[in-house]
Structure formats: C-alpha cells, structure tokens
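Here is what each chain is made of, one letter per residue.
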Amino acid sequence: MKLQPPEKIAVVLVEDHRMCREQLAHMIAKTEEMVIVGEADNMGDGFSLIAQKRPSIAIVDITLKGASGLELLKQLRAQSIEVPVLILSMHDESLYAERALHAGARGYVTKHEASEDVLVAIRQILKGEIYLNPRFMSRMARKMMTGGNVDDRTRPVDRLAGRELEVFELIGRGLTTREIGAQLGVGIATVDTYRTRIKEKLKLENTSRLRSEASRWVQQRE
C-alpha cells in the first residue's frame, strides 16, 4: 500500500513590502512541510484571500497600506473566520504584542528577529500555543506578578487605537505628515485626522505639545 505524503502547511502572506514578502516566501518555500497558497499587499485583498483559501496559518504585517493589520484581525474575528494569525512587525513587542493578542493573533514576531523565528513561530502556533519572543514573555510574567506596573511608560498611550499609536510613534521619530502618510499608505487628510484624535485622547492642546510628547515617549523606549 502506497503511503500518501503528509498534507503541507498552507500559508498566506499579507505584507505590503515586496522585498520582505519575497524573502518570507523564499524561506517558507525551502521547507519541506510548508507551502505558500497566496500573497496580498493590503488588508482588503488579504481578508478575501484568507476567507477564500482558509490556510493553515496567515502571516500578517501590522502596518499595511490604508489599514492596520489589527483591523484585519478584527474583521476575521467578526466574520468567524478561524485562521491562526502570526503578526509580523517592525515595532518592538512592548508597543503592539499585547494589542495583537487581544485582537486575536496567535503570535508576534518583529522583523529584526532572526528569520528562523518565523518558522519556529508557525510550528508553535500550529501546536495550539502562543508565540512571543522569550525575552518579552519573561517581561510579561514580571508585569503580571507585580500587578501590571513593570512598564508604566506604556500607560499614557494605552487609550490610543492601533493606527493612532503608529502615527504617534512616527511623529515622535520626526516624520512629517506627508512622510507618515507615505509610510502608512494613507492621505495627508487622514494623517491629520489621526493627529486630531491623538491630541484629544492625550489632552494635548496643540501640535507642538504633540510633537514634544511623542518625541519624549519614543526616546524613553530606546
């Protein structure tokens, strides 16, 4: 009796940076147990692809053109599409990992981590586990043991939504409104709307205070 080859792990990539997407696809293609079944570079196409293919796992960049990867997670949950999602991000875990897990992600990997971590994360998630960098897992454990006071620096911006936090960080890094719009794939008017919301939520009376607070917050985290 001829044995059937094991079914491969089907992976969908949702990443708007072409070079990064190609590198991920190449790395995954070299494994024996995984196969790419679809790629997308924006939230709308990513959602449609995941809904259609129902892959074993989806790798989603947190920063997509026009919308956050967290919004894609929320849409999948709203439509009861139960596909495990690994979030890929250029942001440090302390900024977005907890938000991603609350939104329904099963793991979080930063882009500066070793590429092999993506494969480790996929395998761990498909075992039904959560994947986070061990260093951050340790930090989260300390935070829980001390009543959540390990890193008070995150608290002033806890009220910001995912995209608002991205804009706040980019303001703190000195990017102009036009540069922020180009990086996030949105128009200048949209960035201005986020700026207004951030000022309201953080009770900052003007743009100068916004820049100052954002810069101070970024410097504290580095």
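Refer to the structure presented above.
The rules behind each value
Residues numbered from 1 in each chain as written. Predicted model: local features only at pLDDT ≥ 70, side-chain atom pairs only at ≥ 80, totals over all residues. Heavy atoms only, no water. Helix = DSSP H or I, 4+ residues; strand = E, 2+ residues; numbered from the N terminus. Polar contact = N/O pair within 3.5 Å; in protein donor to acceptor, adjacent residues only side chain to side chain. Contact = heavy atoms within 4.5 Å. Buried < 20%, exposed > 50% of the residue type's maximum accessible area, 1.4 Å probe, protein only. Salt bridge = Lys/Arg side-chain N within 4 Å of Asp/Glu carboxyl O. Axes fitted to C-alpha atoms, helices over the stretch in contact; angles between N-to-C directions. Left-handed = near helix turned anticlockwise from the far one by under 90°. Nonpolar A, V, L, I, M, F, W, Y, C, P; charged D, E, K, R; others polar.

## As for the side chain of threonine 63
(1) Moving on: By secondary structure assignment, the location of threonine 63 is in strand 4 (residues 63-64).
(2) Moving on: Within the structure, threonine 63 has its side chain in polar contact with the side chain of glutamate 166 (distance 2.6 Å).
(3) Moving on: Non-local contacts of threonine 63, meaning those with residues more than four positions away in its chain, are made with Asp16, Met90, His91, Arg163, Glu166 and Leu184.

## Observations concerning the environment of lysine 53
(1) Moving on: Relative to the assigned elements, lysine 53 resides in helix 2 (residues 43-53).
(2) Moving on: For the pair lysine 53 and glycine 38, spaced 15 residues apart in sequence, the C-alpha separation works out to 7.9 Å.

## So, unusual backbone geometry
(1) Moving on: Of note in this structure, arginine 54 is not a glycine but carries a positive phi near 45 degrees.
(2) Moving on: Tracing the sequence through the fold places arginine 54 in the loop between helix 2 and strand 3 (57-61).
(3) Moving on: For arginine 54, a relative accessible area of 48% gives the class partly exposed.
(4) Moving on: Located in the positive-phi region is serine 80, a residue other than glycine, with phi close to 55 degrees.
(5) Moving on: On the secondary structure map, serine 80 appears in the loop between helix 3 (69-78) and strand 6 (85-89).

## A closer look at the pattern of salt bridges
(1) Moving on: Scanning the entire structure with this criterion turns up 12 salt bridges.
(2) Moving on: For the salt bridge of glutamate 169 with arginine 173, the shortest nitrogen-to-oxygen distance reads 3.1 Å.
(3) Moving on: Assessed through its relative accessible area of 5%, glutamate 169 is described here as buried.
(4) Moving on: Between arginine 209 and glutamate 205 there is a salt bridge, with the nearest N and O atoms lying 3.2 Å from each other.
(5) Moving on: Judged by relative accessible area, which is 31%, arginine 209 ranks as partly exposed.
(6) Moving on: Owing to a relative accessible area of 56%, glutamate 205 belongs among the exposed residues under this scheme.
(7) Moving on: Put simply, Glu205, Arg209, Glu213 and Arg216 are held in one network by salt bridges that share partners.

## Observations regarding the packing of helix 1 (residues 18-29) against helix 5 (residues 116-125)
(1) Moving on: The interhelical angle for the contact between helix 1 and helix 5, taken along N-to-C directions, is 65 degrees, at an axis separation of 10 Å. When you trace helix 1 past helix 5, the crossing you get is right-handed. For the pair formed by helix 1 and helix 5, the contact residues are Leu24, Met27 and Ile28 on the first element and Glu116, Val118, Leu119 and Ile122 on the second.
(2) Moving on: Considering only residue class, the contact of helix 1 with helix 5 consists of 6 nonpolar, no polar and 1 charged.

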